[in-house]
Amino acid sequence: MHPKIDYIIRKLKENGFIVKMTSIGGNKRVFEKIIESGIDGINFSLHAIDKNEMYGTQVDRSERWIEQNHKKLMELIEYVSSRGVNVKINTVVASSDDYKRAYDVMRWLH
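Numbering of residues begins from 1 in every chain and follows the order in which that chain's sequence is written. Only residues with pLDDT of 70 or above have their local features reported here, since the model is predicted, and side-chain atom pairs are shown and tallied only from 80 upward, although totals for entire chains, interfaces and linings are computed over all residues. Only hydrogens and water are removed before side-chain values are computed, so all heavy atoms of the structure are retained for them.

(A) Structural view of the packing of helix α2 (residues 28-36) against helix α4 (residues 63-82). Relative orientation of the contacting elements α2 and α4 amounts to 25 degrees, with a least axis distance of 11 Å. As the angle between them shows, α2 and α4 are arranged roughly parallel. α4 is crossed by α2, and the crossing has right-handed handedness. For the pair α2 and α4, contact is made by K28, F31, E32 and I35 and by L76, Y79 and V80, respectively. Split by residue class, the contact of α2 with α4 holds five nonpolar, no polar and two charged. Whenever a helix is involved, its axis is fitted only over the stretch in contact; in every case the axis is a line through C-alpha atoms, and angles between N-to-C directions fall within 0 to 180 degrees. Only DSSP runs of H or I reaching four residues or more are called helices, and only runs of E reaching two or more are called strands; each is numbered from the N terminus. Roughly parallel refers to an angle under 35 degrees, roughly antiparallel to one over 145, roughly perpendicular to one between 65 and 115, and oblique to any angle outside these ranges. The crossing is said to be left-handed when, going from far helix to near helix, the turn is anticlockwise and less than a right angle, and right-handed when the turn is clockwise. Only heavy atoms enter the contact rule, under which two residues are in contact if any of them lie within 4.5 Å. Side-chain classes follow a simple rule in which Ala, Val, Leu, Ile, Met, Phe, Trp, Tyr, Cys and Pro form the nonpolar group, Asp, Glu, Lys and Arg form the charged group, and the remainder, Gly included, forms the polar group.

(B) Region of interest: the pairing of strand β1 (residues 20-23). Burial here depends on accessible area, computed with a 1.4 Å probe over protein chains only, as a share of the maximum for the residue type. Under 20% is buried, over 50% is exposed, and the range in between is partly exposed. The two faces of β1 differ: M21 and S23 on one face are buried, but K20 and T22 on the other face are not. Relative to strand β2 (residues 41-45), β1 runs parallel, the two sharing four bridges. From the neighbouring strand, S23 faces β2, where its bridge partner is F44. For the handedness criterion, the strands are oriented away from the viewer, and a crossover whose path from the first strand over the helix to the second runs clockwise is classed as right-handed. What joins β1 to β2 is α2, and the crossover it makes is right-handed. A pair of strands is treated as paired once DSSP finds two or more bridges between them.

(C) Region of the structure containing the nonpolar core. Residues belong to a common nonpolar core when they are buried Ala, Val, Leu, Ile, Met, Phe, Trp, Tyr or Cys residues joined through side-chain atoms within 4.5 Å. F31, I34, I39, I42, F44 and V80 are the most contacted members of the largest nonpolar core, which totals 19 residues. Put simply, the parts of the chain that give this core at least two residues each are α1 (5-14), α2, β2 and α4. Here this core takes six residues from α4, the largest share from any one element. Discounting chain neighbours no more than four positions away, the residues touching I34 are M1, I5, I9, M21, I39 and I42.

(D) A look at the side chain of H47. Relative to the assigned elements, H47 resides in the loop between β2 and α3 (51-57). Identification of polar contacts relies on pairs of N or O atoms within 3.5 Å, with a donor-acceptor requirement for protein atoms, meaning one able to donate a hydrogen and the other able to accept it, and with residues adjacent in sequence counted only if both atoms are side-chain atoms. There is a polar contact of 3.5 Å between the side chain of H47 and the backbone nitrogen of V92. Ignoring sequence-local partners within four residues, the contact set of H47 consists of M54, T57, Q58, N90, T91, V92, R101 and V105.

(E) Focus on the packing of aromatic side chains. Within 6.5 Å between ring centres, the rings of Phe, Tyr and Trp (the latter by its six-membered ring) count as paired, and their orientation is classed by plane angle as stacked under 30 degrees, edge-to-face over 60, tilted in between. By the definition in use, this model includes one aromatic pair. Between F31 and F44, the ring centres sit 5.8 Å apart and the planes meet at 35 degrees, which makes this aromatic pair tilted. Of the two residues, F31 sits in helix α2 while F44 sits in strand β2, which places them 13 residues apart along the sequence. You'll find F31 and F44 in the same group, each marked buried. Criterion for a charge above a ring: Arg CZ or Lys NZ at most 6 Å from the ring centre, at most 35 degrees from the ring normal. Between K28 and the ring centre of Y79, over which it is positioned, the NZ or CZ distance is 4.3 Å.

(F) Main features of the pattern of salt bridges. By definition here, a salt bridge exists when the distance from a side-chain nitrogen of Lys or Arg to a carboxyl oxygen of Asp or Glu is within 4 Å. For the coordinates displayed, the defined rule picks out nine salt bridges. The residue R10 makes a salt bridge to D6 at a minimum N-O spacing of 3.6 Å. Taken together, the positions of R10 and D6, both in helix α1 and four residues apart, correspond to about one turn of that helix. Exposure remark for R10: the relative accessible area of 35% places this residue in the partly exposed category. Here K13 makes a salt bridge to D40, at a shortest N to O gap of 2.8 Å. Of this pair, K13 sits in helix α1 while D40 sits in the loop between α2 and β2; the two residues are 27 residues apart in sequence, bridging distant segments of the chain. For K13, a relative accessible area of 29% puts it in the partly exposed group. The network of salt bridges with shared partners includes K100, D104 and R107.

What follows is the structure in structure tokens.
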């Protein structure tokens, strides 16, 4: 993420743009700056609620990465949403084998 993301968002907003972003998560302090900058919405990529299922959806992520980041991502989604930011979730359904996993994500969101 760009180190001046909050400045970029503010400038775009000052010039009349609607600003949204897509993220796989990150540092809560950075997202606090993003929220304060006036972002209109954030799409998070969340492919599973269960960390073991999440691992099965990733091509280039280690099991350790999933272990460290999956719970933080879910907590960040809840935090951003609680701050009034419009949150959307991206997930992937590649075959009927993914229906339950995607349904679990949808159910968690509600």
